[in-house]
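Topology and contacts: notes
Each chain, written out:
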Amino acid sequence: MNSLRNKRYKKYVLTALLSSILCTTFVIYSTSTEDPTKLESQRSDTGSRKINAITVLDNKYVTAEAIISHVPFKVGEQFDPRKKSTLIKNIYDGLKRFKNISVYGENIGDDSLNLYIVVEEKKLLKNVIFEGNKQLSEKEIKEKINFTDVPAIDKGELKKYAQDIKKLYLDKGYHRIDIDTDLDITGDQATAIFKITEHSKSLVKQIHFKGNKNISSKELRGILYTREDWVLSFMDKAGSYHPERLEADKQMIEQHYQNHGYLQAKVADIDIDMNPVNSNIILTFEIQEGDLYTINEIKIPTPEDQVIPEAYLLSQIPIRPGDHYSREAIVEAMKRLELIWGNQGYVFTHIDPSIQPDEETKTVNLAFYTELGNKVFLNKITIKGNKKTRDPIVRRRLLLEEGALLTQSHMDASKSRVEALGYFDQRDGVNWKLIRVGDDQADLDLILKETKTGRFHFKLGFGGAGADLSNPTSGMSVGAELADTNLFGKGILLNLETNLAKEQQSFNFHLAQPWLFDKPISGAMDIYHKRPTYDDFRNASPIHERLTGGAVTSGVYMRNRFMDDTQVLFSLGVDNVRYQNQSLSKEEIRKMRENNTPIELHTTLPFGSPEARAFQTILNKEFSPGTYLWFANNLEQDTRNHPMHPSRGHKWRISNRFAFSVKDSAIGFYKFDLDGTWLTPLIGEYLLVFKLHAHFGFVTPFSNHIVPYGELYNIGGPASIRGWLFGQIGPKLAGDSIGAKKAMFINAELVFPITPDFNMKGVFFYDGGSGWDNPYACCIDVPVNDNNFSYRHAVGFGIRMLNPMPIKVDWGFKLDPRKNRLDPRRSESASEVHFGMTYDW
């Protein structure tokens, strides 16, 4: 077969040599993989002929049918010279198997021609070998360059792939990489070999500035994308050198100067000094500052038929005559003017700024010209990108109605409400796309980018749960959690959690549907079993609690002007609580249970002493077993812009809880809690966020009833005031926390991202508050320490990490540590470290 093809090929070449006489055969197009953009055209006067036949020659592995399927010509149709380049491109790109492709034409009679496609196939790619790559693994290379999609290869293509590998090294900061390529050919198969020589990683060690007289180098370094290498560069990738970022750095410097009045400032040059030995880089930006300009006059001409006066518009923009010229302020002024007109329904308003500098006086005259157009009404809303979340879950968060006037404020508020669901990417997960469909109508596309809402992870904690005031855990704890805040894409909340610590366990199951029957009615169910151990008592053996219970909750959303998205919740539950003192043997416990005798708790204080009697009285009351029915009513509102990474908004809750004894139980109490959080950005939207949290609560027993120890307030620890351990701030007897009826505390935090993806955050905090007034202090003859209000406070810092597992570390330093001169061992420590794994950010 091949010999036949070769004979035919020679025949056509011979015919070409005689073309000066016969003019029957000619080259139409020819190309090769060495440079597939070079296409050679010998004749183009074939457009008047029909195609008689299409023949493929010299193909060995690729069938003629596969090649012809990529040819944009068909037998019998008129030959179109404009498709000649398409033919070569289709075969070359579509099959990726040929080194050279030539197309010949043979005239048949006066009105026909035969097409001959002669191919030279590349060698089949058998294997790819990398040598010398230590900083970039073979797996990383093959993830970016998919060699499985390369069926065949030649030496010319190896150079292209070598450049692609160098780009991968460039992303890791390695700019001096040498790659030698080779093709080991065995028969019709080839092995591609990349021999890589890695030099030192290129790190930006220093950044200098020349010509900056009015803005410090430190301030300029802080605005650059490129940053100097430092001790924690492995966390934030500082020191990485990316040449393409230099242009962005140049623009940032010029904009920064222009925002401070230097209208004509520019970066004249960027000097890049790379050390040939260690590849370290020193960058120097040469700056021409120019003169300082101030604003002389500002005008905002408005259309005559509009009721918004120019004076009002001028009062709403962040720039005034006498201010330094600021490009940033001009852009912000344009945004505010567009927002003002957009809230009137002119969502296609165009603001055209006029900037007229005066070189003699170094002043600028500003004018903002407005093109309003027509008021725009909403035609339809289309939701895109929500692969998991169902449309109704998103639509019920929108404040826009189809057919109504379209305003910018409703668009912004709707976007914030959808972001607050927490189902979408934090930075760019919710965006509007405005599509004009007429002079006074527009469509809206809501473009969504979903993020993971389900999680399964293990947790490790120390010193309390971090979010639960009643958790006494002071040692190590491990746990597992299976949760989803958007189960089946229906907005259902599921949380299944278990925790294990020394001699204590807990299990929680929570299922909630915020919108039952697609109505603003919520429903939830909780089942829990907790076995905490109160082991912080110095005057009693560890006390083991076993609490089993469950609850059902229902509520409604209040949607009006003043209480938008406020929830009113009603819960009904039942709890059974039992206690066990470690001082009793298993046999004694077994006999007491058989006889249905309550297990008493005993103090370790000297028998018969006043402290022992008082402590025993407290233990008997606060750890009295029983079953009780409880009813709770909550009023709460959450306007935060994101549940995981909020930067603005507030959240508050007012809670009332009534507990009634069942059978012979002595438990019965009323509890009130008021909790609130407020956030606002200080720098940018997320660069620095101020968070203020406050809590106030009190609990009181009904007549002749008691409040369980777990329902009293034990202030101190990661859930209330950091820098102290559980229950250290409040009433104490013989040095042990005995709980408080009343409590208040505040937490003020400055939160900032350490990594751009918010995976790691830093926190500086101030905590302060107190717990006071034990309900049984009046029943004993021994004075209770710190039973009155005593404000304690601390400062500190912390780290939050989300992936690969949630980690929360806080180090709190007491501002008023108390010393015990009589017994220094009982003096308060200067600080406490709190470590845990939690998603409570």
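Let me begin by describing the structure that accompanies this report. (Residues numbered from 1 in each chain as written. Predicted model: local features only at pLDDT ≥ 70, side-chain atom pairs only at ≥ 80, totals over all residues. Heavy atoms only, no water.)

1. Brief notes about helix H15 (residues 610-622)
For H15, with 13 residues, the first-to-last C-alpha span of 18 Å sits near the 18 Å given by 1.5 Å per residue. Residues Ala-612, Ala-614, Phe-615, Gln-616, Ile-618, Leu-619 and Glu-622 constitute the buried set of H15. (Helix = DSSP H or I, 4+ residues; strand = E, 2+ residues; numbered from the N terminus. Expected span 1.5 Å × (residues − 1). Buried < 20%, exposed > 50% of the residue type's maximum accessible area, 1.4 Å probe, protein only.)

2. Some details on the environment of Phe-424
Relative to the elements of secondary structure, Phe-424 occurs in the loop between helix H13 (408-419) and strand S17 (430-436). Residues Phe-424 and Asn-386, spaced 38 residues apart in sequence, show a C-alpha to C-alpha distance of 8.9 Å. If we ignore the near neighbours within four places in the chain, the residues touching Phe-424 are Thr-389, Val-394, Val-418, Gly-429, Val-430, Leu-448, Lys-449, Glu-450, Thr-451 and His-642. (Contact = heavy atoms within 4.5 Å.)

3. Topic: the environment of Ser-571
Along the chain, Ser-571 falls in strand S26 (residues 566-581). Excluding residues within four positions of it along the chain, Ser-571 makes contact with Val-552, Thr-553, Trp-630, Phe-631 and Ala-632.

4. Let's talk about a negative patch on the surface
On the surface, a cluster of negative charge is contributed by Asp-269, Asp-271, Asp-273 and Glu-286. The exposure class assigned to Asp-273 is partly exposed, which follows from its relative accessible area of 42%. (Patch = residues over 30% accessible without salt bridge, like charges linked within 9 Å, V, L, I, M, F, W, Y side chains within 5 Å. Areas by Shrake-Rupley, 256 points an atom, 1.4 Å probe, with all protein chains shown as cover. Salt bridge = Lys/Arg side-chain N within 4 Å of Asp/Glu carboxyl O. Lys, Arg positive; Asp, Glu negative; His and termini not counted. Charge placed at Lys NZ, Arg CZ, Asp CG, Glu CD.)

5. Things to note about the sheet that holds strand S16 (residues 377-384)
Adjacent strands of a sheet pair through backbone hydrogen bonds, lying either parallel or antiparallel. Pairing in this open sheet of three strands is mixed, and the strands run S16-S18-S17 from one edge to the other. Both outer strands of the open sheet, S16 and S17, are each paired with one neighbouring strand and no more. Going across the sheet, the axis of each strand differs from the next one's by a mean of 25°, ignoring polarity. With seven bridges connecting them, S17 and strand S18 (residues 441-448) associate as antiparallel partners. Looking at S18, one finds that Trp-432 is bridged to Leu-446. Contacts from H13 reach S17 and S18 within the one sheet, and its direction differs from that of S17 by about 145°. (Pairing = 2+ DSSP bridges. Axes fitted to C-alpha atoms, helices over the stretch in contact; angles between N-to-C directions.)

6. Structural notes on the nonpolar core
Grouped together as the largest cluster of nonpolar side chains are 44 residues, with contacts concentrated most on Phe-537, Phe-615, Phe-623 and Leu-733. Put simply, the parts of the chain that give this core at least two residues each are strand S25 (543-558), S26, H15, strand S27 (626-638) and strand S33 (742-753). Among the elements that take part in this core, H15 stands out by supplying five residues, more than any other. (Core = buried A, V, L, I, M, F, W, Y, C linked by side-chain atoms within 4.5 Å.)

7. A word on the side chain of Thr-226
Examined against the element boundaries, Thr-226 turns out to sit in the loop between helix H7 (217-221) and helix H8 (233-236). Discounting chain neighbours no more than four positions away, the residues touching Thr-226 are Val-204, Ile-207, Ser-240, Arg-245, Leu-246, Asp-249 and Leu-283.

8. Considerations on helix H4 (residues 84-95)
With twelve residues, H4 extends 17 Å between its outermost C-alpha atoms, agreeing within 8% with the 16 Å of an ideal straight helix rising 1.5 Å per residue. Along H4, the residues classified as buried are Lys-84, Leu-87, Ile-88, Ile-91, Tyr-92 and Leu-95. For H4, the angular spread of the buried residues around the axis is 110°, confining them to a single face. Taken from the residues just after H4, Lys-96 is the one with a positive phi, measuring 55°. (Arc of directions from axis to C-beta.)

9. A few points about the packing of aromatic side chains
This model, assessed by the stated rule, comprises 29 aromatic pairs. Aromatic pair Tyr-257 and Tyr-262: ring centres 5.6 Å apart, planes at 80°, arrangement edge-to-face. Look at Tyr-257 and you get buried, because its relative accessible area is 1%. Note on Trp-772 and Phe-789: the rings are 4.9 Å apart at their centroids and 85° apart in plane angle, and the pair reads as edge-to-face. A residue pair is termed long-range when its members are at least 10 positions apart, and Trp-772 in strand S34 (residues 760-772) and Phe-789 in the loop between S34 and strand S35 (792-801) qualify at 17 residues. (Phe/Tyr/Trp six-rings, centres within 6.5 Å; stacked < 30°, edge-to-face > 60°.)

10. Examining the pattern of salt bridges
Between side chains of opposite charge, pairing is possible as soon as their charged atoms come close. One pass over the structure, following the stated rule, counts 28 salt bridges. The salt bridge partner of Asp-291 is Lys-362, with a shortest N-O separation of 3.0 Å. Of the two residues, Asp-291 is situated in the loop between strand S12 (281-288) and strand S13 (294-299) and Lys-362 in the loop between strand S14 (350-358) and strand S15 (363-371); the sequence distance between them amounts to 71 residues. Take Asp-291: its relative accessible area is 37%, and that puts it in the partly exposed class. Under the relative-accessibility criterion, Lys-362 is labelled partly exposed at 24%. The shortest N-O distance in the salt bridge between Arg-722 and Asp-810 comes to 3.6 Å. Of the two residues, Arg-722 is situated in the loop between strand S30 (688-701) and strand S31 (732-733) and Asp-810 in strand S36 (residues 807-814); the sequence distance between them amounts to 88 residues.

11. Some remarks on the pairing of S35
In S35, alternate side chains face the same way, and those of Arg-792, Ala-794, Gly-796, Gly-798 and Arg-800 are buried while those of His-793, Val-795, Phe-797, Ile-799 and Met-801 on the opposite face are not. Bridging between S34 and S35 involves ten bridges; their strand directions are antiparallel. Paired with Tyr-766 across the two strands is Val-795, which belongs to S35. Judged from the eight bridges that link them, S35 and S36 form a sheet pairing that is antiparallel. What sits directly across from Ala-794, in S36, is Lys-814. Between S35 and S36, which pair antiparallel in sequence order, lie five residues.

Function-wise, these values are silent; they only describe arrangement.
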